[in-house]
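# Fold and contact review
Letter by letter, the chains look like this.
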Amino acid sequence: AVSEIHLNERVDLNSLVEPICQDAAEAGDQVKFTGRVGSLVLASSHALRRAVSNLVDNAIKYGGDADVTLEQLKDKVYIHIVDHGPGIPEEMREFVFEPFKRLEDSRSRNSGGTGLGMTIAKIIIEKHGGRIRLESVEAPNTGLAVRIELPAIAT
């Protein structure tokens, strides 16, 4: 269960995120992985993998593709997941983190799922001392950018 997350592993995000992207690309999805981080995060690798997988899957399912980038700035590491789909209007962004909520009924009929992916991802990231936010992709492209910030630990 999500409530049973124990942050007892020193996790290399490069080794956690890149295989998620490789698996999706091997399955025929449009996924690109770039960037590297030098620090580790104190985490539950299983839970963090689930959160990132949910978010990459959503980008592919609703946006058609996923550009995943790792970045580090001082004592923070970032996972950016960007798609080039229709995006989410700013006033609806917090709504997608609520359990069993979807932006439109057609999505649930076409894609299946429980409506918990974003909720679970947010809970997991926050339990890791992190933050998640949604942003619009700048013109001329459209899409959604999911920004995850996690605290880094000394290596």
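The structure contained in this document is the topic of the report that follows. (Residues numbered from 1 in each chain as written. Predicted model: local features only at pLDDT ≥ 70, side-chain atom pairs only at ≥ 80, totals over all residues. Heavy atoms only, no water.)

## A closer look at the overall build of the protein chain
Which entries qualify depends on this criterion: Labels follow the DSSP assignment, with helices taken as runs of H or I lasting at least four residues and strands as runs of E lasting at least two, numbered in each case from the N terminus. We call a residue buried when its accessible area falls under 20% of the maximum for its residue type, exposed when it is over 50%, and partly exposed in between, using a 1.4 Å probe and counting protein chains only. In this analysis, two residues are considered to be in contact whenever any of their non-hydrogen atoms come within 4.5 Å of each other.
Summing up its helical and strand segments, the protein chain has four helices and seven strands in all. Listing each helix as α and each strand as β along the protein chain from the N terminus yields β-α-β-β-α-β-β-α-α-β-β. Within the protein chain, the fraction of its 155 residues that count as buried is 44%. Taking all contacts inside the protein chain whose residues are at least 6 apart in sequence as the whole, residues at least 24 apart take part in 64%.

## A few points about the packing of helix 2 (residues 45-63) against helix 4 (residues 117-127)
To keep things clear, this is the line we draw: Angles run from 0 to 180 degrees between N-to-C directions of axes, and those axes are lines fitted to C-alpha atoms, restricted for helices to the stretch in contact. For classification, angles of less than 35 degrees are called roughly parallel, those exceeding 145 degrees roughly antiparallel, those between 65 and 115 degrees roughly perpendicular, and all remaining angles oblique. With the far helix as reference, a near helix turned anticlockwise by less than a right angle produces a left-handed crossing, and one turned clockwise produces a right-handed crossing. The nonpolar class holds Ala, Val, Leu, Ile, Met, Phe, Trp, Tyr, Cys and Pro. Asp, Glu, Lys and Arg form the charged class, and all remaining residues, Gly among them, are polar.
Between helix 2 and helix 4, the least distance of the axes is 9 Å, while the angle of their chain directions is 140 degrees. With respect to each other, helix 2 and helix 4 are oriented oblique. Where helix 2 crosses over helix 4, the two elements pack in a sense that is left-handed. Between helix 2 and helix 4, the contacting residues are Ala47, Leu48, Arg50, Ala51, Asn54, Leu55 and Asn58 on the first element and Gly117, Met118, Ile120, Ala121, Ile124 and Ile125 on the second. In terms of residue class, the contact of helix 2 with helix 4 is made up of nine nonpolar, three polar and one charged.

## Quick notes on the nonpolar core
Threshold: Buried Ala, Val, Leu, Ile, Met, Phe, Trp, Tyr and Cys residues that are joined via side-chain atoms within 4.5 Å together make up what is termed a nonpolar core.
Formed by 41 residues in total, the largest nonpolar core has its most connected members in Leu13, Val17, Ile79 and Ile81. Broken down by element, the residue count for this core peaks at eight residues, all from helix 2. For Val17, the residues in contact, after removing those within four places along its chain, are Phe33, Val52, Val68, Leu70 and Ile79.

## So, the side chain of Ser39
Convention followed: Any pair of nitrogen or oxygen atoms within 3.5 Å is treated as a polar contact; in protein, a donor-acceptor pairing is required on top of that, and neighbouring residues in sequence qualify only through side-chain atoms on both sides.
Turning to its location among the elements, Ser39 is positioned in the loop between strand 2 (31-34) and strand 3 (41-43). Judged by relative accessible area, which is 15%, Ser39 ranks as buried. There is a polar contact of 2.7 Å between the side chain of Ser39 and the side chain of Gln72.

## With respect to the pairing of strand 4 (residues 66-73)
Which entries qualify depends on this criterion: At least two DSSP bridges between two strands are needed for those strands to be called paired.
Relative to strand 4, strand 2 runs parallel, the two sharing four bridges. Its bridge partner lying in strand 4, Lys32 is registered against Asp67. Strand direction decides the pairing type here: strand 4 and strand 5 (residues 76-82), joined by seven bridges, are antiparallel. Bridge pairing links Thr69 to His80 in strand 5. What sits between the antiparallel neighbours strand 4 and strand 5 is a turn of two residues, in which Lys74 has the positive phi angle 55 degrees.

## Considering the packing of aromatic side chains
Aromatic ring pairs are defined here through the distance separating the ring centres and the angle between the ring planes. Rule in force here: Each Phe, Tyr or Trp ring (for Trp, its six-membered ring) is paired with any other whose centre lies within 6.5 Å, and the angle between the two planes then decides the class: stacked below 30 degrees, edge-to-face above 60, tilted in between. Two thresholds decide whether a charge sits over a ring: the Lys NZ or Arg CZ must be within 6 Å of the ring centre and within 35 degrees of the ring normal.
Scanning the entire structure with this criterion turns up zero aromatic pairs. The ring of Phe97 has Lys122 sitting right over it, with the charged end atom 5.3 Å from the ring centre.

## Focus: the side chain of Asp65
Which entries qualify depends on this criterion: Under the convention used here, Asp and Glu are negative, Lys and Arg are positive, and both His and the chain ends fall outside the count. We define a salt bridge as a contact between a side-chain nitrogen of Lys or Arg and a carboxyl oxygen of Asp or Glu at a distance within 4 Å.
Along the chain, Asp65 turns up in the loop between helix 2 and strand 4. Buried and unpaired, Asp65 has no salt bridge, with Lys32 as the nearest side chain of opposite charge at 8.2 Å. Reaching out from Asp65, the side chain makes a polar contact with the side chain of His84 at a distance of 2.8 Å. The contact partners of Asp65, leaving out residues within four places of it in the chain, are Gln30, Ala59, Ile60, Val82, Asp83 and His84.

By themselves, these figures tell us nothing about what the structure is for.
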